[in-house]
Amino acid sequence: METTEKKATNGEPQASLKDIYLAGGCFWGTEHYFKQIEGVVETEVGFANGHTEQPTYKEVYTDTTGFAETVHVRFNPDVVSLEFLLRMFFKAIDPTSLNKQGHDEGTRYRTGIYYTDADDRTVVDKVFLDEQKSYQQPLVVEREPLKNFYTAEEYHQDYLDKNPDGYCHLPLALFEFARKAREKK
């Protein structure tokens, strides 16, 4: 984590913030969902853990780059924990569906949790194992260090804010649920 005093978009010093990268199918809805959660201070959609450089959406869409549509979530750990965010993540995905969420199919729509702080792996594994208890099928959510992340084109950023009637695989009720969700500390 950087220790710079550069400000996040909400004015908080970045040094106090943490990052997690979450692939939950189409990144438009996943980003909008996480923006609703108290303590999330910044989101950015892009492509994670692929094998090409500077991919475009058009290239990622071919499913030949190895990238997953992913949301970079920057959060204030004094307000919301990584564990809470991951539990919210599991409420927004089908963790047993391989390379498919809703009507979206392809490796670019796989689910994944990509971390930048090795200490976060313990929390990721704990939540994953707790969630596995609710399913008979094995969970297919990737849990890996972030290898790379490239920001998607500007028209993808905050897509559902710009296009309120735009396509989303997530039900609208889930956004309201996220807006009201509070971590009990």
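What you see is a predicted model, and the numbers here were worked out from it, not measured in a lab.

S.K.: Tell me about the overall build of the chain, residues and numbers included.
M.R.: Helix and strand counts for the chain stand at 6 helices and 8 strands. Taken from the N to the C terminus, the helices and strands of the chain come in the order β-α-β-α-β-α-β-β-β-α-β-β-α-α. Against the 2.2 N^0.38 benchmark of 16 Å for 185 residues, the chain shows a C-alpha radius of gyration of 15 Å, consistent with a compact globule. With respect to the three principal axes, the spread of C-alpha positions in the chain is 40 × 40 × 35 Å. Expressed as a percentage of its 185 residues, the buried residues of the chain come to 49%. Residue pairs at least 24 apart in sequence account for 75% of intrachain contacts in the chain once pairs closer than 6 positions are excluded. Accessible surface, the chain as shown: approximately 9200 Å² in total, 51% of it carbon and sulfur. Here the chain carries 22 positive and 32 negative side-chain charges, and the mean point of each set is 4 Å from the other.

S.K.: Could you give me a rundown of the sheet that holds strand β6 (residues 111-115), with the residues and numbers involved?
M.R.: Strand order in the open sheet made by the 6 strands is β7-β6-β1-β3-β2-β8, with mixed pairing throughout. Of all the strands in the sheet, the pair left with one neighbour each is β7 (142-145) and β8 (149-151). The sheet shows a mean angle of 35° between the axes of neighbouring strands, taken without regard to direction. Bridge count between strand β1 (residues 18-24) and β6: 5 bridges; the pairing is antiparallel. Residue I20 lies in a different strand from β6, and its bridge partner there is Y115. Those strands touched by helix α4 (residues 120-132) are β1, β6 and β7, and its axis lies near 175° from that of β7.

S.K.: How would you explain the nonpolar core if you had to name every residue and give the values?
M.R.: If you look at soluble globular proteins, the nonpolar side chains tend to sit buried side by side. Core analysis: the biggest nonpolar cluster contains 45 residues, and Y33, I37, F90 and I113 have the highest contact counts within it. In terms of residues, this core owes the most to one element, helix α3 (residues 82-91), which gives 7 residues. Counting residues in each nonpolar core, the second largest holds 6 residues, with A23, A48, Y114 and F149 among its members.

S.K.: Could you give me a rundown of helix α6 (residues 172-180), with the residues and numbers involved?
M.R.: Regarding α6, the residues found buried are L174, F175 and A178. Taken down its axis, α6 places every buried residue within 105° of arc, on the same side. Away from its buried face, by an angle of more than 90 degrees, α6 presents the exposed residues L172, A173 and K180. In the core, the buried residues of α6 are packed alongside α1 (27-35), α3 and α5 (159-162).

S.K.: Residue-level account of the environment of L17, with values.
M.R.: Mapped onto the fold, L17 is located in the segment before β1. Separated by 159 residues in the primary sequence, L17 and E176 have C-alpha atoms spaced 24 Å apart.

Cut-offs and rules
Residues numbered from 1 in each chain as written. Predicted model: local features only at pLDDT ≥ 70, side-chain atom pairs only at ≥ 80, totals over all residues. Heavy atoms only, no water. Helix = DSSP H or I, 4+ residues; strand = E, 2+ residues; numbered from the N terminus. Rg over C-alpha atoms; globule rule 2.2 N^0.38 Å. Buried < 20%, exposed > 50% of the residue type's maximum accessible area, 1.4 Å probe, protein only. Contact = heavy atoms within 4.5 Å. Areas by Shrake-Rupley, 256 points an atom, 1.4 Å probe, with all protein chains shown as cover. Lys, Arg positive; Asp, Glu negative; His and termini not counted. Charge placed at Lys NZ, Arg CZ, Asp CG, Glu CD. Pairing = 2+ DSSP bridges. Axes fitted to C-alpha atoms, helices over the stretch in contact; angles between N-to-C directions. Core = buried A, V, L, I, M, F, W, Y, C linked by side-chain atoms within 4.5 Å. Arc of directions from axis to C-beta.

Any functional reading would require information that these geometric values do not contain.
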